[in-house]
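Observations on chain architecture
Here are the chains, one letter per residue:
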Amino acid sequence: MTEVRRRGRPGQAEPVAQKGAQALERGIAILQYLEKSGGSSSVSDISVNLDLPLSTTFRLLKVLEAADFVYQDNQLGWWHIGLGVFNVGAAYIHNRDVLSVAGPFMRRLMLMSGETVNIAIRNGNEAVLIGQQECKSMVRMCAPLGSRLPLHASGAGKALLYPLSEPELLDTILKTGLQRFTPTTMVDLPVLQKALDAAQQQGYIIDQEEHVAGLNCIASAIFDDVGSVVAAISISGPSSRLTPERFLSQGELVRDTARDISKALGLKAPQM
């Protein structure tokens, strides 16, 4: 009898594991919802939008709070993304050598170009801003870290695309599509491919108000020690200041900076 009961216990672990996985999925969903909501929300809004019982939502928030992933505002009672999430993200970024290596080069590029400098990496089918050096101008581009950019319609995004082989590029475009954001967004694949081919030769690519009207960007790919593209560096500024007349000189400046960062990461042969 005792032996039979012992053999039966492992079979009972499956429902427990399923409940644990469900709780984890719901906890992740709460963090993702807070991120999309600007970093904070009320427990009732989270409950309604995630279709979770209010009691369950509150219990999950308390678990996340214990891990510093969220905290509650004492005045309004709203829940906010906590320091624990930042620490996890910081650990991820720390493991990406590119950001720590790129720091001095970003500042130099900002001073030489007079524009805000950005570092972005690819995450799935988007580019994600992980580093920024704001320029000194009163009118300047500023986007929060973690901002997501379309690969086909942003300077950094296209810089992450142009080193890809044609099959890789086509596979990516099939997954993402070519959504129009402004009248100048490249939504025709042959036109986009032509721009990417030119960028491959010149070592930088232009985003001329393709993602945001009134904003121009110039970007270049950063490579690691084995020649794989790992990030993109860009300068961004108002189209009234970062004009087409400056594209060549500033493009070469961005290209050379990307090359210096790539060399610092261990790249031996020039890839641009």
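Here's what I pulled together on the structure shown here.

Calculation rules
Residues numbered from 1 in each chain as written. Predicted model: local features only at pLDDT ≥ 70, side-chain atom pairs only at ≥ 80, totals over all residues. Heavy atoms only, no water. Buried < 20%, exposed > 50% of the residue type's maximum accessible area, 1.4 Å probe, protein only. Helix = DSSP H or I, 4+ residues; strand = E, 2+ residues; numbered from the N terminus. Pairing = 2+ DSSP bridges. 1 Å grid on protein atoms, 1.4 Å probe; cavity = no way out; pocket = protein on both sides within 12 Å on 5 of 7 lines; lining within 4 Å. Points joined across faces, edges and corners; volume = space filled by probe spheres on them. Nonpolar A, V, L, I, M, F, W, Y, C, P; charged D, E, K, R; others polar. Disulfide = S-S within 2.5 Å. Core = buried A, V, L, I, M, F, W, Y, C linked by side-chain atoms within 4.5 Å. Contact = heavy atoms within 4.5 Å.

Of all ten residues in strand S9 (residues 229–238), nine are buried, a share of seventy percent or more. Pairing analysis gives five bridges linking strand S4 (residues 116–123) to S9, with the strands arranged antiparallel. Opposite Ile119, over in S9, you have Ile233 as the bridge partner. Judged from the nine bridges that link them, strand S8 (residues 215–223) and S9 form a sheet pairing that is antiparallel. Each residue of the ladder has a partner; that of Ile222, found in S9, is Ala231. If you look at the hairpin formed by S8 and S9, you'll find five residues sitting between the two strands, and Gly227 has a positive phi there, around 85°.

A few words now on the layout of surface pockets. Considering only enclosed or pocket space, the second largest pocket measures out at about 230 Å³ in volume. What lines the second largest pocket is a set of 13 residues, among which Ala23, Leu24, Arg26, Gly27 and Leu60 lie closest to the centre. Put simply, the parts of the chain that give the lining of the second largest pocket at least two residues each are helix H1 (2–36) and helix H3 (54–66). A total of eight residues in the lining of the second largest pocket trace back to one element, the largest contributor, which is H1. Partitioned by chemical class, the residues of the lining of the second largest pocket number seven nonpolar, three polar and three charged.

Glancing now at the state of the cysteines. Inspection of the entire model under this criterion finds zero disulfides. Here Cys217 is not disulfide-linked; the sulfur of Cys135 is the nearest cysteine sulfur, at 12 Å. Using a relative accessible area of 8% as the deciding quantity, one classes Cys217 as buried.

Ranked by size, the top nonpolar core spans 28 residues in total, and within it Ile119, Ile218, Ile222, Ile233 and Ile261 carry the most contacts. At the level of secondary structure, the elements contributing two or more residues to this core comprise helix H5 (97–113), S4, strand S5 (126–133), S8, S9 and helix H9 (247–264). For this core, the leading source of residues is H5, giving seven residues. Dropping the residues within four chain positions of it, Ile261 is found in contact with Val98, Val101, Ala102, Phe105, Ile222 and Ile233. Judged by nonpolar contacts, the second largest core, of 22 residues, contains Ala156, Ala159, Leu160 and Leu164.

Moving on to the environment of Gly114. Mapped onto the elements of the fold, Gly114 is located in the loop between H5 and S4. In sequence terms Gly114 and Pro144 are 30 residues apart; their C-alpha atoms lie 19 Å from each other. In contact with Gly114, not counting residues within four places along its chain, are Leu109, Cys135, Ser137 and Arg241.

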